[in-house]
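So the chains spell out like this:
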Amino acid sequence: MTLNNTNTKSAPLKNYGSGSYLASDVTVLLDIVNKDAVANVPVSQKEALIQSGQRHYSDMLTLEQAPSAMHEQLYIQALEQGATRTATDIANLAYTLHHVFQRHITDEQPLVLISLVRAGLPIGVLLQRALADTASGYSLPSVHYGISIIRDRGLDPTALQTLLEDYPDSPIVFVDGWTGKGAIYQELTHSLEAFRDPTHPNFANIFHQGVDVTPLLTLADPAGVAWLAASEEDWLIPSGLLNSTVSGLISRSLYTDPKMGLHRSVFYDNLVESDHSLAFVDHIDAARRELSNTCQYLPMFPQPRYQTADLIDKLALEYNISNRNRIKPTIAEATRAILRRDPERILLATANHPDTVLLRHLCTQRNITMSVLGDKILPYQAITLIKQRTKNNESTVRL
């Protein structure tokens, strides 16, 4: 399949309920605020505030800039390289969901896909399209929503309650792009604790696979925590290389007290010309429809394996890291950390792995130390370590 480099452009929307996706792709349950009303906090200042404990990361935003020409070029290369694999993984996930839920799902009681904003959004859109494809042999009535989840603060309870009221008889599956250390899995599990009692009226919506099974689906699961994943490999997922411009032009979510409504987000209307969101899902969805291989029924895991927990502990000890949040494993998280945070160094499994070209380019551009550690960090191909703020630069910082 020949790669089409022409983006599907999205004009600024009056209603940002789908970001820059089609309304049929997703409904995003976020309170979209004007970016001009949000303080643009520089990365260095944000790091000082986070690590000193003065502010939580979800209270601040560093507004995104358009990707550079080199960044765009490397994304296009990654898309060309990974389109067939991504399409195959989506087909296998849809096929498995079809077989798990086909007896219990109807048009009146559809499967509810809830993508975790933002990394889950492109994957959820692709799954929604695959399940809607009546020619595929694995179609299934489904609806797709995006809601916020924030480390330390959990899943947006207002958004979740809205969906439980709207779909009282439907099972829910949560969708994310990949797992790093398993922190979001733990956050999700904690947020769902209130529903774990079998007498809870929404128990069956969430714990349809068993009382201890958090129904998290991911494209890649290196941490070994997802209930269902296409693989456990750390590979170059194309959508992992960009931020809002492959996630519906939606910013990372900002926390809102549940009494005040939905979590907030910014819509980057200034980045419309750089937006790949629709082009990405159009391209992968077309590749899925062209697949000739027989779909695979994927394994499901009732319990997390936490297969990289010991590795994270060893790295924390070796690099004297007390806060595990400073360790950002997987190619996608390592890349995003370089773009959004203040990195100290990058750990690589291989010096010249083709999947880390963008990561190495960014490191060279910013003069960030790269350490090649071989199989010592496998299954991860890359890990970013966030710079520790010293006592001197952790003094009170005002916005």
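Residues numbered from 1 in each chain as written. Predicted model: local features only at pLDDT ≥ 70, side-chain atom pairs only at ≥ 80, totals over all residues. Heavy atoms only, no water.

Caption draft 1: Structural view of the overall build of the protein chain. Across its full length, the protein chain carries 10 helices and 13 strands. Its C-alpha atoms give the protein chain a radius of gyration of 20 Å, near enough to 21 Å, the size a compact globule of 399 residues would have. A buried classification covers 57% of the 399 residues belonging to the protein chain. Residue pairs at least 24 apart in sequence account for 79% of intrachain contacts in the protein chain once pairs closer than 6 positions are excluded. When the accessible area of the protein chain is evaluated, it comes to approximately 16600 Å², of which 48% is carbon and sulfur surface. (Helix = DSSP H or I, 4+ residues; strand = E, 2+ residues; numbered from the N terminus. Rg over C-alpha atoms; globule rule 2.2 N^0.38 Å. Buried < 20%, exposed > 50% of the residue type's maximum accessible area, 1.4 Å probe, protein only. Contact = heavy atoms within 4.5 Å. Areas by Shrake-Rupley, 256 points an atom, 1.4 Å probe, with all protein chains shown as cover.)

Caption draft 2: View of the pairing of strand β7 (residues 216-220). In terms of residue burial, β7 counts as a mostly covered element, since 5 of its 5 residues are buried. Where strand β6 (residues 172-178) lies against β7, 4 bridges are found, and the strand directions are parallel. Residue pairing for β7: Val-175 is matched across the bridge by Leu-217. Where β7 meets strand β8 (residues 228-231), 3 bridges bridge the pair, whose relative direction is parallel. The partner of Leu-217 across the bridge, within β8, is Leu-228. (Pairing = 2+ DSSP bridges.)

Caption draft 3: Representation of unusual backbone geometry in the model. That bond from Val-117 to Arg-118 is cis: its omega, 15 degrees, falls within 30 degrees of zero. With respect to the helices and strands, the residue Arg-118 is situated in the loop between β3 (111-117) and α3 (120-131). In this structure, Leu-249 takes a positive phi of about 60 degrees despite not being glycine. Inspection of the secondary structure assignment puts Leu-249 in the loop between β8 and β9 (264-266). Looking at Leu-249, the relative accessible area reads 0%, which means it is buried. Of note, the phi angle at Asn-367 is positive, near 60 degrees, even though the residue is not glycine. Here Asn-367 is to be found in the loop between α10 (357-366) and β12 (369-372).

Caption draft 4: Quick look at the nonpolar core. In terms of nonpolar packing, the biggest core is built from 52 residues, with Leu-97, Phe-101, Leu-111 and Leu-127 touching the most fellow members. Counting residues per element, the ones that place at least two in this core are α2 (69-101), β3, α3, β6, β7, β8 and α7 (277-289). With 12 residues, α2 is the largest single contributor of residues to this core. Residues contacting Leu-127, with those up to four places away along its chain left out, are Ile-90, Leu-93, Ala-94, Leu-97, Leu-113, Val-175 and Leu-217. One finds Leu-163, Leu-216, Ala-223 and Tyr-380 within the second-largest nonpolar core, a separate group that totals 38 residues. (Core = buried A, V, L, I, M, F, W, Y, C linked by side-chain atoms within 4.5 Å.)

Caption draft 5: Spotlight on the sheet that holds β12. Taken together, 4 strands build an open sheet; the order of strands is β10-β13-β11-β12 and the sheet is mixed. A strand with exactly one partner marks an edge of an open sheet, and here the two such strands are β10 (327-329) and β12. In this sheet, adjacent strand axes meet at a mean angle of 20 degrees when their direction is disregarded. Bridge analysis of strand β11 (residues 343-348) against β12 gives 4 bridges, and the strand direction is parallel. (Axes fitted to C-alpha atoms, helices over the stretch in contact; angles between N-to-C directions.)

Caption draft 6: Structural detail: the packing of α2 against α7. Put simply, α2 and α7 touch, their axes get as near as 8 Å, and they point 50 degrees apart. The angle between the axes of α2 and α7 places the two elements in the oblique class. Here the hand of the crossing between α2 and α7 comes out right-handed. On α7, the residues touching Tyr-75, Leu-79, Ala-83, Thr-86, Ala-87, Ile-90 and Ala-91 of α2 are Phe-280, His-283, Ile-284, Ala-287 and Arg-288. For the contact of α2 with α7, the residue count by class is 9 nonpolar, 2 polar and 1 charged. (Parallel < 35°, antiparallel > 145°, perpendicular 65-115°, else oblique. Left-handed = near helix turned anticlockwise from the far one by under 90°. Nonpolar A, V, L, I, M, F, W, Y, C, P; charged D, E, K, R; others polar.)

Caption draft 7: Spotlight on the side chain of Ser-115. Secondary-structure assignment places Ser-115 in strand β3. Taking the relative accessible area as the measure of exposure, Ser-115 reaches 0% and is therefore buried. With sequence-adjacent residues up to four places away left out, Ser-115 is seen in contact with Gly-120, Leu-121, Gly-124, His-144, Tyr-145, Gly-146, Ile-147 and Val-175.

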